Amino acid sequence: MPAPADNHAPLRVALLSYRGKPHVGGQGVYVSRLSAALTDLGHRVVVLGGPPYPELDERVPLVRLGGLDIWAPPHPMRKPRAWELKDWIDIAEHVSFVTGNFSEPMAFSLRAWRHLRTRRAHFDVVHDNQTLGWGILALQRQGWPLLETIHHPITVDRRLELAHAHTLREQIGKRRWYAFTKMQTQVARRLPRVLTVSESSKRDIANDHGVPPERIHVVPVGVDPELFAPLPEIARVPGRLITTASADVTMKGLSFLLEAVAKLRTERHIELTIIGKAKTDSAASRAISELGLADAVTFVSGVSDRRIVELYAEAELAVVPSLYEGFSLPAIEAMSCGVPLVATTGGALPEVAGTHGETCFLTEPGDAEALAAVLQDALDSPEARDRVGRAGRERVVSQWSWRHTAERTVEQYRAVIEASG
């Protein structure tokens, strides 16, 4: 069936996400919110997802492309049993895993190709959310109109993890783990149209993946300003900070924030709420123990968006201490709630958060002392916090919403459909 010629006709979109549950990071939020916003515009979206599966609007169907689910709790990195290897894709995923690689993107892309290869008449466009596996190229060879979202190149994560590896063994393990980024680079540079979320990510995709800049189009992600809104009836707790840590990885900079909290705690009352799941044997848990912060740090997970908004309302400052961000949903969610934001200048954060002292407070990434100094200055300046909080919300409301993201994404769909003939 040919793609709709009418530029206003509803589109049928297959949206791919190799792992999409919101607690595993911003990509899960992206898939959930974007699919709902596209549906609001009248388009038909079907999400093809791998475990942990996305949490979607009830109007959006989910096709579960289950695999070996090697990383599932309570036993992540488990070794699959022989009877679980049902086909050649399972075997390929298993072989990749036992050689030390992160095998999910490759395996999921092949399962998505297998599911879609006989369904060309059912969809007008395939939109892949950063899987960048061999199956995506197989779909392209079949003639599918294909749009790829790359939030940021995972090669950045690889560089940061290797730079912070403490031992040769750890470095070797990380090199093996991130071997899948070579596949992602080869896939990315062969795709005709790539979507990304910031000018910073566009530059990094061009540099790291070798994608010509003219093929890369920037469509920022959004926020729901009616949901993520100030709650003036809730009093802010003196000395309380809030941050989001969906993954305990070097790039998120949580260790530097914990060091800054420990430094500030010697001089004043300070407490930190972390939106994320506490893990007993992680870099964060070890840092909390070593710094004596057990009674100053609280993890919160599995709560509703409404409760997260309440947590923002209780905090005097929100903090994004990342060494690098391709965009940062936590930054704009905090700003939308009117809580003043302290962020680093890593990656796209200045592009997102704006001007130091006007819409946010900025500091250099990877410097706990500098972060502590900015936090202290902001905590000591209630008038500046109020001004920055109000201006931050105005910045977000004027520039970012999921409807705006969906409308601009549809423009990209129509462009790639037209180009495919």
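Let me begin by describing the structure that accompanies this report.

Rules of the game
- Within each chain, residue numbers correspond to sequence positions counted from 1 in written order.
- Restriction of local features to residues with pLDDT of at least 70 applies here, the model being predicted, together with a cutoff of 80 or more for giving and counting side-chain atom pairs; totals for whole chains, interfaces and linings are based on all residues.
- Values reported for side chains reflect all heavy atoms of the structure, with hydrogen atoms and water molecules removed beforehand.
- By this definition, two strands are paired if DSSP reports at least two bridges between them.
- Strands here are runs of E lasting at least two residues and helices are runs of H or I lasting at least four, both read from the DSSP assignment and numbered beginning at the N terminus.
- To define axes, lines are fitted to C-alpha atoms, for helices over the stretch in contact only, and angles between the resulting N-to-C directions are given on a 0 to 180 degree scale.
- Put simply, buried Ala, Val, Leu, Ile, Met, Phe, Trp, Tyr and Cys residues joined by side-chain atoms within 4.5 Å make one nonpolar core.
- Buried, partly exposed and exposed residues are distinguished by accessible area as a fraction of the type maximum, computed with a 1.4 Å probe on protein chains only: under 20%, between the cut-offs, and over 50%, respectively.
- Here, two residues are considered to be in contact whenever any of their heavy atoms come within 4.5 Å of each other.
- When a carboxyl oxygen of Asp or Glu lies within 4 Å of a side-chain nitrogen of Lys or Arg, that pair is called a salt bridge.
- By definition, the crossover connecting two strands over a helix is right-handed if that path, from the first strand to the second, turns clockwise as seen with the strands pointing away from the viewer.
- Two N or O atoms form a polar contact when they lie within 3.5 Å of each other; inside protein one atom must be a possible hydrogen donor and the other a possible acceptor, and for residues adjacent in sequence the pair counts only when both atoms belong to side chains.
- We call two directions roughly parallel when the angle between them is under 35 degrees, roughly antiparallel when it is over 145, roughly perpendicular when it lies between 65 and 115, and oblique otherwise.
- Crossings are sorted by hand: turned counterclockwise from the far helix by less than a right angle, the near helix makes the crossing left-handed, and turned clockwise it makes it right-handed.
- When residues are sorted by character, Ala, Val, Leu, Ile, Met, Phe, Trp, Tyr, Cys and Pro go into the nonpolar class, Asp, Glu, Lys and Arg into the charged class, and all the rest, Gly among them, into the polar class.
- Expected helix span is taken as 1.5 Å per residue step, with the number of steps being one fewer than the number of residues.

1. Side note on the sheet that holds strand β10 (residues 297-300)
No. 1: Pairing is parallel across the open sheet formed by six strands, whose spatial order is β10-β9-β8-β11-β12-β13. One side of each edge strand has no neighbouring strand; the edge strands of this open sheet are β10 and β13 (361-363). Across the sheet, the axes of successive neighbouring strands diverge by a mean angle of 25°, strand direction being ignored.
No. 2: Relative to strand β12 (residues 341-344), strand β11 (residues 317-320) is paired through three bridges, and the arrangement is parallel. Opposite Val319, over in β12, you have Val342 as the bridge partner.

2. So, the nonpolar core
No. 1: In terms of nonpolar packing, the biggest core is built from 56 residues, with Tyr312, Ile332, Leu341, Trp402 and Tyr413 touching the most fellow members.
No. 2: When neighbours within four sequence positions are excluded, Ile332 is seen to be in contact with Val221, Gly222, Val223, Phe327, Val352, Val396 and Trp400.
No. 3: Counting 41 residues, the second-largest nonpolar core is a separate cluster that includes Trp71, Leu139, Met183 and Ile205.

3. Some details on the pattern of salt bridges
No. 1: In total, this model carries 20 salt bridges according to the counting rule given.
No. 2: Across the pair Arg12 and Asp124 runs a salt bridge whose closest N-O atoms are separated by 2.6 Å. Placement of Arg12 in strand β1 (residues 12-17) and of Asp124 in the loop between α3 (104-116) and β4 (125-129) is noted, with a sequence separation of 112 residues between them. An identical accessibility class is assigned to Arg12 and Asp124; each is buried.
No. 3: The salt bridge involving Arg111 is made with Glu93; its shortest N-O contact spans 2.8 Å. Of this pair, Arg111 sits in helix α3 while Glu93 sits in helix α2 (residues 88-98), and the two are 18 residues apart along the sequence.

4. Describing the pairing of β11
No. 1: What you see with β11 is no split at all: Leu317 and Val319 on one side and Ala318 and Val320 on the other are buried throughout.
No. 2: Two strands pair when backbone bridges link them, and strand β8 (residues 240-244) and β11 are joined in this way by two bridges, in the parallel orientation. The residue of β11 that forms the bridge with Leu241 is Leu317.
No. 3: Considered for its hand, the β-α-β crossover made up of β11, helix α12 (residues 329-336) and β12 is right-handed.

5. Overview of unusual backbone geometry
No. 1: Here Pro51 and Pro52 are connected by a cis peptide whose omega angle stands at -5°.
No. 2: Tracing the chain through its elements places Pro52 in the loop between β2 (44-49) and β3 (62-64).
No. 3: Backbone geometry at Asp69 places phi at a positive 50°, although glycine is not the residue there.
No. 4: Mapped onto the elements of the fold, Asp69 is located in the loop between β3 and α2.
No. 5: Under the relative-accessibility criterion, Asp69 is labelled partly exposed at 27%.

6. Observations regarding the side chain of Arg240
No. 1: Mapped onto the fold, Arg240 is located in strand β8.
No. 2: Only 2.8 Å separates the side chain of Arg240 from the side chain of Glu314, close enough to count as a polar contact.
No. 3: Apart from the residues within four sequence positions on either side, Arg240 is in contact with Glu271, Thr273, Glu314, Ala315, Glu316 and Leu317.

7. A word on the environment of Thr99
No. 1: By the secondary structure assignment, Thr99 is in the loop between α2 and α3.
No. 2: In this structure Thr99 comes out as partly exposed when scored by relative accessible area, which is 40%.
No. 3: When the C-alpha positions of Thr99 and Trp177 are compared, they lie 8.9 Å apart, and in sequence the two are 78 residues distant.
No. 4: Separated by 3.2 Å, the side chain of Thr99 and the backbone oxygen of Val95 make a polar contact.
No. 5: Side-chain polar atoms of Thr99 contact the backbone oxygen of Ser96, separated by 2.8 Å.

8. Quick word on the environment of Leu11
No. 1: By secondary structure assignment, the location of Leu11 is in the segment before β1.
No. 2: It is 12 Å that separates the C-alpha atoms of Leu11 and Ala406, two residues lying 395 residues apart in sequence.

9. Structural notes on the packing of helix α4 (residues 134-141) against helix α7 (residues 180-188)
Helix-helix packing: each pair is described by the crossing angle between the helix axes and the interaxial distance.
No. 1: In contact at an axis separation of 9 Å, α4 and α7 are set at 20° when each is read in the N-to-C sense. The angle between α4 and α7 falls in the class roughly parallel. As for the relative orientation of α4 and α7, their crossing is left-handed in sense. Here Trp134, Ile136 and Leu137 of α4 lie close against α7, whose contacting residues are Met183, Gln186 and Val187.
No. 2: The residue inventory of the contact of α4 with α7, partitioned by class, reads five nonpolar, one polar and no charged.

10. A few points about helix α9 (residues 254-265)
No. 1: Its 12 residues give α9 an end-to-end C-alpha distance of 16 Å, which sits within 8% of 16 Å, the value for a rise of 1.5 Å per residue.
No. 2: Of the positions making up α9, those classed as buried are Leu254, Phe256, Leu257, Leu258, Ala260, Val261, Ala262 and Leu264.
No. 3: Among the structural elements, β8, β9 (271-275), α10 (283-290), β10, β11 and α14 (368-379) are those in contact with the buried residues of α9.

11. Some thoughts on the side chain of Thr344
No. 1: In this structure, Thr344 sits in strand β12.
No. 2: One polar contact links the side chain of Thr344 to the main-chain amide nitrogen of Gly346, over a distance of 3.1 Å.
No. 3: What Thr344 contacts, discounting residues up to four positions off in sequence, is Val320, Pro321, Ser322, Leu349, Pro350, Leu362, Thr363, Glu364 and Pro365.

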